[in-house]
Amino acid sequence: MSLQPATQDLELLQRRVSAVMAHMNPVVVELGDVFAAAGHQLAIVGGPVRDALLGRVSNDLDFTTSASPDETQALLDTWGDAVWDIGKEFGTIGAKRFVKDGEDIVVEITTYRTDEYDPTSRKPLVAFGDNIEGDLSRRDFTVNAMAIRVPELEFVDPFNGLADLAAGFLRTPIEAEKSFDDDPLRMMRAARFTAQLGFDIEESAFAAIVAMASRIAIVSGERVRDELNKLLLSGDPVRGLTALVDSGLADHVLPELPGMKAASDEHNRHKDVYSHSMTVLQQAIDLETGPEGAVPGPDLLLRLAALLHDIGKPATRKFESNGTVSFHHHELVGAKMTARRLRELKYDKDTVKAVSRLVELHLRFHGYGDGAWTDSAVRRYVTDAGPLLERLHRLTRADCTTRNKNKARRLGAAYDSLEVRISELAAQEELDAIRPDLDGEQIMEILGIKPGRAVGGAYKFLMELRLDEGSIGPEAARERLVAWWAEHSQDFEGTRTYEN
Ligand code: CTP
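Residues numbered from 1 in each chain as written. Predicted model: local features only at pLDDT ≥ 70, side-chain atom pairs only at ≥ 80, totals over all residues. Heavy atoms only, no water.

### Some remarks on the domain arrangement of the chain
Right, so step 1: Structurally, the chain comprises domain 1 (1-174), domain 2 (175-254), domain 3 (285-433) and domain 4 (440-492).
Right, so step 2: One C-alpha centre belongs to domain 1, the other to domain 3, and the line joining them spans 44 Å. (Domains from an automatic or database assignment.)

### Topic: unusual backbone geometry
Right, so step 1: Looking along the chain, the bond that leaves V150 and enters P151 is cis, with omega of 10 degrees.
Right, so step 2: By secondary structure assignment, the location of P151 is in the loop between β8 (147-150) and β9 (154-156).
Right, so step 3: A positive phi is found at H329, a non-glycine position, where the angle reads about 60 degrees.
Right, so step 4: Position of H329 relative to the elements: it lies in the loop between β13 (325-326) and α17 (330-344). (Helix = DSSP H or I, 4+ residues; strand = E, 2+ residues; numbered from the N terminus.)

### Remarks on the site of the ligand
Right, so step 1: Around the ligand, the surrounding shell holds 13 residues, and the nearest of these are R50, D140, D183, R186 and K230.
Right, so step 2: Separating a nitrogen atom of the ligand from a side-chain N or O atom of R186 is a distance of 2.9 Å.
Right, so step 3: Between an oxygen atom of the ligand and a side-chain N or O atom of K230, the distance comes to 2.9 Å.
Right, so step 4: Taking 550 Å² as the accessible area of the ligand by itself, protein coverage stands at 71%.
Right, so step 5: Of all elements in the fold, only α3 (47-53) and α8 (185-197) reach the threshold of two or more residues within the shell around the ligand.
Right, so step 6: Top element by residues in the shell around the ligand is α8. It accounts for 4 residues.
Right, so step 7: When its residues are assigned to classes, the shell around the ligand shows 1 nonpolar, 3 polar and 9 charged. (Near = heavy atom within 4 Å. Polar contact = N/O pair within 3.5 Å; in protein donor to acceptor, adjacent residues only side chain to side chain. Areas by Shrake-Rupley, 256 points an atom, 1.4 Å probe, with all protein chains shown as cover. Nonpolar A, V, L, I, M, F, W, Y, C, P; charged D, E, K, R; others polar.)

### Structural notes on the pairing of strand β2 (residues 60-65)
Right, so step 1: Bridge analysis of strand β1 (residues 42-45) against β2 gives 3 bridges, and the strand direction is antiparallel. Looking at β2, one finds that A43 is bridged to T64.
Right, so step 2: Pairing geometry for β2 and strand β5 (residues 105-111), over 6 bridges, is parallel. Residue pairing across strands places L61 opposite V107, the latter belonging to β5. (Pairing = 2+ DSSP bridges.)

### Some thoughts on the sheet that holds β8
Right, so step 1: Judged by pairing direction, the sheet is mixed, and its 7 strands sit side by side in the order β3-β4-β5-β2-β1-β8-β9 without closing on themselves. Unpaired on one side and paired on the other, β3 (82-84) and β9 mark the two borders of the sheet. In this sheet, adjacent strand axes meet at a mean angle of 30 degrees when their direction is disregarded.
Right, so step 2: Running over the sheet, helix α4 (residues 69-79) touches β2, β3, β4 (92-97) and β5 and is turned about 5 degrees from β4. (Axes fitted to C-alpha atoms, helices over the stretch in contact; angles between N-to-C directions. Contact = heavy atoms within 4.5 Å.)

### A look at helix α18 (residues 349-361)
Right, so step 1: Its 13 residues give α18 an end-to-end C-alpha distance of 18 Å, which sits within 8% of 18 Å, the value for a rise of 1.5 Å per residue.
Right, so step 2: Looking only at α18, the buried set comprises T351, V352, A354, V355, S356, L358, V359 and L361.
Right, so step 3: Two to three positions downstream of the cap, the backbone nitrogen of D350 sits 3.2 Å from a side-chain oxygen, assigning the N-cap of α18 to D348. (Expected span 1.5 Å × (residues − 1). Buried < 20%, exposed > 50% of the residue type's maximum accessible area, 1.4 Å probe, protein only.)

### Re the packing of helix α23 (residues 453-469) against helix α24 (residues 474-488)
Working note: a packed helix pair is described by the angle between its axes plus the distance between those axes.
Right, so step 1: Where α23 contacts α24, the two axes come as close as 11 Å, and the packing angle between them is 130 degrees. Looking at the two axes, α23 sits oblique to α24. Seen along the crossing, α23 lies across α24 with a hand that is right-handed. Counted together, A454, G457, A458, F461, L462, L465 and E469 of α23 and A477, R480, L481, W484 and W485 of α24 form the full contact between these two elements.
Right, so step 2: Tallied by class, residues from the contact of α23 with α24 come to 9 nonpolar, 1 polar and 2 charged. (Parallel < 35°, antiparallel > 145°, perpendicular 65-115°, else oblique. Left-handed = near helix turned anticlockwise from the far one by under 90°.)

### Some thoughts on the packing of aromatic side chains
Right, so step 1: Following the criterion strictly, the structure yields 10 aromatic pairs and no others.
Right, so step 2: Three or more aromatic residues joined by ring pairs make a cluster, and in this case those are F365, Y368, W373, Y381 and Y415.
Right, so step 3: The lysine or arginine in question, R171, covers the ring of F169, its NZ or CZ lying 5.7 Å from the ring centre.
Right, so step 4: For K313, the ring lying beneath its charged end belongs to F327, and the centroid distance is 4.8 Å. (Phe/Tyr/Trp six-rings, centres within 6.5 Å; stacked < 30°, edge-to-face > 60°. Lys NZ or Arg CZ within 6 Å of the ring centre and 35° of its normal.)

### Some details on the packing of helix α20 (residues 389-398) against helix α21 (residues 405-432)
Right, so step 1: Contact geometry for α20 and α21: axes closest at 11 Å, N-to-C directions at 165 degrees. Put simply, α20 runs roughly antiparallel to α21. Here α20 and α21 pass one another in a crossing that is right-handed. From α20, L389, L392, H393, T396 and R397 reach across to α21, where they touch G412, Y415, D416, E419 and I422.
Right, so step 2: A class-by-class count of the residues in the contact of α20 with α21 yields 4 nonpolar, 3 polar and 3 charged.

### Regarding the pattern of salt bridges
Right, so step 1: Inspection of every chain in the model, using the stated rule, returns 30 salt bridges.
Right, so step 2: Of the charged contacts in the structure, one is a salt bridge between D200 and R239, with a shortest N-O distance of 2.8 Å. Here the residue D200 occupies a position in strand β11 (residues 200-201), and R239 occupies one in helix α11 (residues 237-247), the gap between them amounting to 39 residues.
Right, so step 3: When its relative accessible area of 28% is taken as the criterion, R239 is described as partly exposed.
Right, so step 4: For R480, the salt bridge is made with E469, and the minimal N-O distance between the two is 2.8 Å. (Salt bridge = Lys/Arg side-chain N within 4 Å of Asp/Glu carboxyl O.)

This is the structure we're talking about:
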């Protein structure tokens, strides 16, 4: 989620610090009192402080403390209505205090850390520290290394995070190489925060990412995926992806993305397939709908599909003898590459299937031309897209980045006409599915007549009845049919009955 414009007035932020402290929830101050009475320090830290200063207040709060995990657990037992210890191995105890619906407070309290990561291992090594500055120094970025002590309400900012927040800078509290060594995922977090907060990565931190990008390989696919999702679901994914590509991180987590830089498109109009893909992603995002709409944003499937729809192009590029470039079947090759990459990133089966399906179908519409599809081709398009149809509409429309206004208008109008055909067919099919309350066999049995014109007439009467009044059930339909027949049987002179 995009929060605020990248740069802010420092004085305004300073005033916000005071305001956040002045409006501190009394239940939180009370928690501080509990820790202070036991001789321990407690402070809100990290994301909630950063977000509060950016004007976004949450009831989920992270704290850091001098108390050991056991001591924290004992103190939380006296304050919370529910306490959990699933993060205890890493020094974290969680608790919830019921206030009222929507205002309950959830806290996670972690003992001061000086956590070192074994550079060769995926698992963090946890070492507890004894002061807040040490804890803050081991955090990823200065904007995440600010704290507010409770109950004292003292702002702790040893690394000038507030100034970086004002300037919109992501800077590491300690030497960047050391910080990224501690946890290489932080390099991806940097890219994610550029997308989420509109910030820039400070020069030396960026240089460290460029130098250390390959270290991301030791991070598990699941953590990389979760970070990529946050980036893609942010307010400005293109910015975050650009940081991933420019820093070289993408070469390791999503190599197909920089891989597209090499392949130029059919018309050589776009600098490369890569920048086309970024434009398509942005256009697809612009076509997402509000909460009530068909594709409420942010939509991960649409965004992944838009980003990856052309990844099959470099592998299928062919220079034709007439001097043009072709990418035959790039949608099929791309769908396979998409599935492979998403599986590697540990996406679940449904996501892999849906995104690769969208990639596979993204070109199908281009056979539509100026409306030449038969009804059965339109039906097949709808069936093949299945539940992805609304996303496919948006992906296909977004995939038009031509600067030729007439061509863009033509394509848009052709797609409009396809959507009209789809709804007309759907309406027709709904009508086709409507049946009278009695079928031909029943009509013949009730009226005692044999197959012939009268059965058709009766069927038509019952169909009209069904359309006018909805379903009235077989009993009522039988009565109405008999009444209708009493009036109309003479219209069907010569009707064969079972008697003759
Ligand atoms: N942190 C860190 N290094 C990481 C992950 C987290 O230093 N690899 C620190 C940061 O100080 C961060 C805090 O732990 O603010 C909480 O982490 P997390 O909840 O993952 O991040 P948030 O900044 O709160 O952002 P989000 O909740 O959007 O992930």
